[in-house]
Structures are given as C-alpha cells and as structure tokens.
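Coordinates in review
Single-letter residue listing:
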Amino acid sequence: MDQEKIVEESMEKILEYLEQKKYFMARDEMLKFNEADIAEIFEELFDNEDELEKAVVVYRLLPKDVSVEVFSLLPVDDQLKIVEGINPKELNYIVQELDFDDKIDILEELPANIVNSILENTPKEERHLINAFLNYPEDSAGSLMTPEYISLDKDMTVAEAMAHIKKEGMDAETIYTCYVKDTGRKLIGIVSLSTLVISDDNIKIRDLMRSEFVYLNVYDDQEEVAAAFKKYDFLAMPVVDKEGRLVGIITVDDILDVIEEEDTEDIERMAGIVDMADTWDSDYLDISVWEHARNRLPWLLILMVAYIFTGMIVSSFEDKLSQVISLVAYMPMLMGTGGNTGSQASTLIIRGLATGEIELSDAARILWKEARIGVAVGIILSAFNFLRVVFIDGQDVMIAVTICSAMICIVIFAKILGSMIPLIVKKIGLDPALIANPFISSISDAIALTIYFAMASLFLGL
C-alpha cells in the first residue's frame, strides 16, 4: 500500500477521533507519520471550518519539536489559524525554535502587536538582526536568506575549522559549504566540508579556499535568485551587501517555493489572469468564486473589444462571402491555426526569456528562424488541406488554392507575431507573460481574416 493511501486511511480515523473528542488518540494517530505528512493532514483539517477548533487542540498536544517542524511546513494562512488558537507563550516558543528564515516569514505575516510581543522576549542581538531582515524588500534575496551559516577565518587550520563546525553546525542551515571572511566580514572565499575532511589538520584555510565564487546581492530580485540556482545547481549561495560583506545565505529549499511561485505567476499571466499577487500562495480551491472572476475579467473584457474589430472585418466582406458561401466553412480552421501557431511561438520565447536562453539581442535571429519555421509548417498544413478540400469536400481547385495560400501566409505571420511581441514587451520593461496567448490569438484572428479575404479577392476575383 502506498504512503498516500495509508495517510488517507489514517485521516478517516483522525476525523472519527475528533468527532468523539478523543484528542490524544487523534494525536497518536498523527505521530505515526513524519512531519511533512502531519502538515498535510492539518492542511486538510484546517480547510474544514467545523474541524478547525478541534484541529488546533490536537496541534497543541503535539510534542514541542514536532509542532515547530509542522508549523514551518504549513502555508501562511494555516499558520495564522494556529496563531489565533494558541496562547502567547506557546507562540513565542514556536517562533523562537523556527529556523531564522522561517521565523522571518511568519513575523512578516503576524499583526504588529504580536510581533512586538515576540521581539520583547527575543535576545537583543537577535532582535536587531530580525529587524534588519524585516526591512529588506519582500521579493529580494535579503528577505529569503538566513544568517545561520558556518563562517571560518582564513588563518584557521583545518583542525580548528573542524572543531568550529562541530560546535556551531547544529544551528547552521547547512555545513556542506563554509564561508571564509576577513576581519571586516567581507566574503573572500568558500571551502567545502568534503575538502576539509580529506585535508591535513595543519593546513591553513586560506590555502584551501576558492577565491572565485558565485554570490548574490541582498537586493537581487527573487526571480534572479531562482535563475542563479537553476544555472549553477548549488545547494546554497552566499548573499552580500553592497560592500561585499557576507550577511547571509540562501539554500535550495528556500528557493523551491520561489520557483513555484514565479512559474505559477507566469502561467496565470499567460492565461490572461491578472491581479493574482495576493493569492499566488493560496490553493485554487481556497480562492473565492468572486476573486477568481475578478482576476479573469479584465483581460476578457479587453479581448472582447478586440473581437469587435474581427466582426467588422467579416461584415465588410459579407457581400463577397455570399457569392462563394463555402468560404465561410473554412474561417474557423484558419483562425484557429493562426492562434495556435502564434501561441506555440510565444510560449517558447517567453520560456527562453525566463530561463535566460534568449536575449533581446537575439531578435533578428529569432525572426529569421520563426519565419522559416512558418514557411515549413504552412506548406505542410496547406498540402494536407488541399487534398481535403478538393478530394473530400469536393470543392473547386481555385477555392482550395485560396484556402491553402491563405494558410501559408497566416502561419508565417502568426509565427513572427508570436515570437516578436514578447521581445517587444520585454524591451519596454513589461512582463511578456502578460500579453501572451490570449492577446496574440485575438490579433492573429483579425489578421487571418484579412489575409483570407485578400486571397479570395486575388484568386476568385471577389
């Protein structure tokens, strides 16, 4: 039986125990699993308003070390539900035991009076550090980093460094990479734990450290941070201030949520969904119907106006269409093909811009490549459609020529449009994902009809 099935069966038992107010039995059932599974169980319980108070009671019965770990794994909304249901002493314990970066995340969400109460019970040195971290921009490297790292002095020996790691390692986010600082806290090198383990005890750290290393600035945007982790495939990266002083590190587990958030943001924008910034941390089912509708309506209204022009184009050719009524049957196919081919191109270009594979300076090469792709795709699709129109639909050869020539031109144009618009929008400083598939489809529909009717006039004399 897989783990998911086991958790589901235990969930049924837990719900029964809660219904019977057997809270200790519910807790014991939860403790059969690791903290990640327990966090998922609480997420499901918190989604049910009828079980919320009972779930908080069970949470308070968890062993302290388990409750802290589970708390750190819960979404912010669920963390706030726990905060509302426990006493200040319990909350203070949880916050003090959290890893520093998790502590900053929850303090950013708590009401000011609760934050002040927690800070009053925090050691002075850590309180100053927390206040400094809370002042970094929300989406910056500074807001993601943790000060819990292993730092070494360049004049330490390997033996001294290993003793230092043993002493401080339990409180560090990671010990696999150690950071070497000079007397001014300036980061001057890095050395891996594996290097220290295999080196002689009397060798100096300055002789082992690598002085060429990749680092982040505290004000780097979180999207740039995510791109750096993807590029270099590091488990952790140092963060420095404008003077090059080491102020913290970011580990890969901290950046995974950012990558998911950025990907979600891009996908929703490409679908024409706006103003989702406050709900990207929420699940689809947790967002209200009205909020979903409000987020989707703006683009739909704009695109609806664009289709007015499409209707005007059709109306202007209405008399000519009445002369060859069979042309109407092929309009949806041509419009759909144009939209699909344009969306294909735009999706690839937006992805390339996001991953750094494509730069704005590549515009000419992209234009030339997509134009050739359009020619190849257009000819192949037109060949299939020529056979269909003539031999299956039984239409006149000149009608088939009209449809197929229009298709070639439409595909070429759509490929160029889909590839160039994201680059243009990026050039003027906007997010290309905002104007992707819906916008391109609307424009290509109008152009497709214009090309189609132009070909009809050329080949059929309409």
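The preceding data block contains the structure.
All of the points below concern the structure found in this document. From a predicted model like this one, the values you see are computed outputs, not experimental measurements.

1. Considering the pairing of strand β2 (residues 177–181)
Extensive coverage of β2 is indicated by the burial of four of its five residues. Pairing geometry for strand β1 (residues 151–153) and β2, over three bridges, is parallel. Residue pairing in the sheet places Ser-151 in a bridge with Tyr-179 of β2. The β-α-β motif built from β1, the intervening helix α12 (residues 158–168) and the parallel element β2 has right-handed crossover chirality. Connecting the antiparallel pair β2 and strand β3 (residues 187–192) is a turn made up of five residues, with Arg-185 showing a positive phi of about 65°.

2. Some remarks on the pattern of salt bridges
The full count for this structure, using the stated rule, is nine salt bridges. One salt bridge in this structure joins Glu-243 and Arg-245, with 3.0 Å as the shortest N-O distance. Arg-388 is the partner of Asp-393 in a salt bridge, and the nearest nitrogen-oxygen pair spans 3.4 Å. A relative accessible area of 33% places Arg-388 in the partly exposed class. Among the ionic contacts, a cluster of salt bridges with common partners joins Asp-241, Glu-243 and Arg-245.

3. Re the nonpolar core
By size, the foremost hydrophobic cluster in this structure holds 60 residues, and its most contacted members are Phe-42, Leu-45 and Ile-250. If you tally residues by element for this core, the top one is helix α3 (residues 35–46), at six residues. Look past the residues within four positions of Ile-250 in its chain and what remains in contact with it is Ala-141, Leu-144, Met-145, Leu-216, Val-225, Phe-229, Leu-235, Ala-236, Met-237 and Val-239.

4. Section: the environment of Pro-137
For Pro-137, the location among the structural elements is in the loop between α10 (124–134) and α11 (141–144). Judged by relative accessible area, which is 39%, Pro-137 ranks as partly exposed. Note: C-alpha distance between Pro-137 and Asp-221 (84 residues apart in sequence) is 8.9 Å. With near-sequence residues (within four places) excluded, Pro-137 lies in contact with Ser-143 and Tyr-219.

5. So, the sheet that holds β2
Taking strand neighbours across the sheet as the criterion, the three strands line up as β1-β2-β3 in an open arrangement whose pairing is mixed. Among the strands making up the open sheet, the edge pair consists of β1 and β3. Between one strand and the next, the sheet's axes are offset by a mean angle of 35°, whatever the strand orientation.

Conventions used here
Residues numbered from 1 in each chain as written. Predicted model: local features only at pLDDT ≥ 70, side-chain atom pairs only at ≥ 80, totals over all residues. Heavy atoms only, no water. Buried < 20%, exposed > 50% of the residue type's maximum accessible area, 1.4 Å probe, protein only. Helix = DSSP H or I, 4+ residues; strand = E, 2+ residues; numbered from the N terminus. Pairing = 2+ DSSP bridges. Right-handed = clockwise from strand over helix to strand, strands pointing away. Salt bridge = Lys/Arg side-chain N within 4 Å of Asp/Glu carboxyl O. Core = buried A, V, L, I, M, F, W, Y, C linked by side-chain atoms within 4.5 Å. Contact = heavy atoms within 4.5 Å. Axes fitted to C-alpha atoms, helices over the stretch in contact; angles between N-to-C directions.

Take it as geometry only, folks, not as evidence of what the structure does.
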